[in-house]
Amino acid sequence: MSKEIVVSGIRSTGYLHLGNYFGAIQNYVHMQNEYNCYFFVADYHSLTTHPDPKALKPNVYRVVAENIASGLDPEKVALYAQSDLPEIPELYLMLNMLAYKGELEKVPTFKDKVRLQPDNVNAGLLTYPVLMAADILIHRAVKVPVGKDQEQHLEMARNFANRFNTRYGVEFFPEPEVYRSNQETVKIMSLDGNGKMSKSENANATIYLNDDDDTIRKKIMKAKTDQGPTEPNSEMPDYIRNLFLLMKLTAPTDVYETFLGNFNNCNIRYGDMKKQLAEDMINFVRPIREHATELQKDEAAIQRILRNGAEKARASSAETIAGARKLIGINYY
Ligand code: ADP
Ligand code: TRP
């Protein structure tokens, strides 16, 4: 039986962090043996905010290096840059004819961007979900490992796929679903308790895969806590639950369970918990950081990986675009 097709992308807009790792990359690594995986650096998506042209290459290389350092094997998956597949913008154009201004204006991430960058509400921002749908549908993927924040975009990709199928009368695109490794999609909150860890906001409360030991220690020691619970088995506030989640993800089970027991018995000392978490986090991040730094020194190797990845991905995207052109009627010779 042929393997199911999986697509996912990460924007090259800054340093990768624990949210990207636990929300996305860890799933990529789990999936690479069992699925036919296409993972890409979403460099076109990063253009909505007009980045400095000189920043594109190091940003793209860093995302590639950090994915590999996190365990992704470019021999097993197609790892490529979005801009290396001209079929993606072609499909994006086709899908734009099936996307309506009204539905695009209602997307929450679009509304957020309008608030954040009111003087740069460009059409690329409005049609961001169409480009994302093209990224996925170009390989006719059925599973998409992404964090919770992307669920609405996936729903739109399903709508566009359906509209295309209905218009041209064949089940050409399957409906892509969010992939979850263990039921829930992980969301890593920022250490100050305000929103999620992210590449571009809350830098002092976000742990990057590139942070050195001391920086990690300082950020964790500053994480928001409180006086501790006064009733046994109290409900945890969000920011405390986040610290426990990070501990669960990076510390030995017995350490996690000891602190959880202390919380439930109201004798938790957050200072001690954070000291312990900092050391476990350092042990977790250090090998990834060191490996990614090494990889980035070898530009020729990264270029080889991107070229190979694009070649593998193009075989599938060329087939899809040929089929789509034919269905639309662009079939002249
Ligand atoms: P960012 O929001 O930091 O710029 P991207 O938008 O490039 O990151 O997201 C890449 C992947 O990482 C997506 O699958 C997204 O759902 C996931 N992700 C981003 N931030 C978090 C977070 N704080 N917790 C869980 N997953 C996240
Ligand atoms: N929009 C996604 C994000 O902001 C990144 C992305 C672009 C993506 N194209 C994709 C994710 C296709 C999965 C599939 O995180």
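Everything here concerns the structure above.
Computed from a prediction, not measured in an experiment: that's the story for all the values here.

1. Re the overall build of the chain
Then step 1. For the chain, the helix and strand inventory stands at 14 helices and five strands.
Then step 2. In summary, the chain has a C-alpha radius of gyration of 21 Å against a globular reference of 20 Å for 333 residues, a match within 12%.
Then step 3. Considered along the principal axes of its C-alpha atoms, the chain spans approximately 75 × 50 × 45 Å.
Then step 4. Summarising the internal contacts of the chain: among those between residues at least 6 apart in sequence, 78% fall at separations of at least 24.
Then step 5. Carbon and sulfur atoms make up 48% of the accessible area of the chain, which totals about 16500 Å².
Then step 6. Of the charged side chains in the chain, 40 are positive and 43 negative, and the gap between their average positions amounts to 3 Å.

2. Observations regarding the pairing of strand β1 (residues 5–11)
Then step 1. With seven bridges joining them, β1 and strand β2 (residues 36–42) adopt parallel strand pairing. Counted as the bridge partner of Val7 is Tyr38 from β2.
Then step 2. The β-α-β motif built from β1, the intervening helix α1 (residues 18–31) and the parallel element β2 has right-handed crossover chirality.

3. Focus on the side chain of Gln150
Then step 1. Locating Gln150 in the fold gives a position in the loop between β4 (143–145) and α9 (151–168).
Then step 2. Of the polar contacts made by the side chain of Gln150, one reaches the side chain of His153; its length is 2.8 Å.

4. A few points about the site of ligand 2
Then step 1. The environment of ligand 2 is formed by Ser8, Gly9, Arg11, Phe40, His45, Tyr128, Met132, Asp135, Ile136, Val144, Val146 and Gln150.
Then step 2. At a separation of 2.7 Å, a nitrogen atom of ligand 2 approaches a polar side-chain atom of Asp135.
Then step 3. Within the side chain of Gln150, one N or O atom sits 3.1 Å away from a nitrogen atom of ligand 2.
Then step 4. Taken by itself ligand 2 offers 360 Å² of open surface, and the protein chains cover 91% of this.
Then step 5. Elements with a minimum of two residues in the shell around ligand 2: β1 and α8 (128–137).
Then step 6. For the shell around ligand 2, the element with the highest residue contribution is α8, accounting for four residues.
Then step 7. Considering only residue class, the shell around ligand 2 consists of six nonpolar, four polar and two charged.

5. Points about the environment of Asp135
Then step 1. Take Asp135: it is sitting in helix α8.
Then step 2. Since its relative accessible area comes to 2%, Asp135 is described here as buried.
Then step 3. Along the primary structure Asp135 and Arg163 are separated by 28 residues, whereas in three dimensions their C-alpha atoms are 17 Å apart.
Then step 4. There is a polar contact of 2.8 Å between the side chain of Asp135 and the side chain of Gln82.

6. Considering the nonpolar core
Then step 1. Within the largest apolar cluster, 61 residues are counted, with the highest numbers of intra-cluster contacts made by Leu18, Leu191, Ile207, Phe244 and Met281.
Then step 2. Core analysis: the second largest hydrophobic core is formed by 43 residues, Val130, Ala141, Phe172 and Phe173 among them.

Parameters at a glance
Residues numbered from 1 in each chain as written. Chains lettered and ligands numbered in written order. Predicted model: local features only at pLDDT ≥ 70, side-chain atom pairs only at ≥ 80, totals over all residues. Heavy atoms only, no water. Helix = DSSP H or I, 4+ residues; strand = E, 2+ residues; numbered from the N terminus. Rg over C-alpha atoms; globule rule 2.2 N^0.38 Å. Contact = heavy atoms within 4.5 Å. Areas by Shrake-Rupley, 256 points an atom, 1.4 Å probe, with all protein chains shown as cover. Lys, Arg positive; Asp, Glu negative; His and termini not counted. Charge placed at Lys NZ, Arg CZ, Asp CG, Glu CD. Pairing = 2+ DSSP bridges. Right-handed = clockwise from strand over helix to strand, strands pointing away. Polar contact = N/O pair within 3.5 Å; in protein donor to acceptor, adjacent residues only side chain to side chain. Near = heavy atom within 4 Å. Nonpolar A, V, L, I, M, F, W, Y, C, P; charged D, E, K, R; others polar. Buried < 20%, exposed > 50% of the residue type's maximum accessible area, 1.4 Å probe, protein only. Core = buried A, V, L, I, M, F, W, Y, C linked by side-chain atoms within 4.5 Å.

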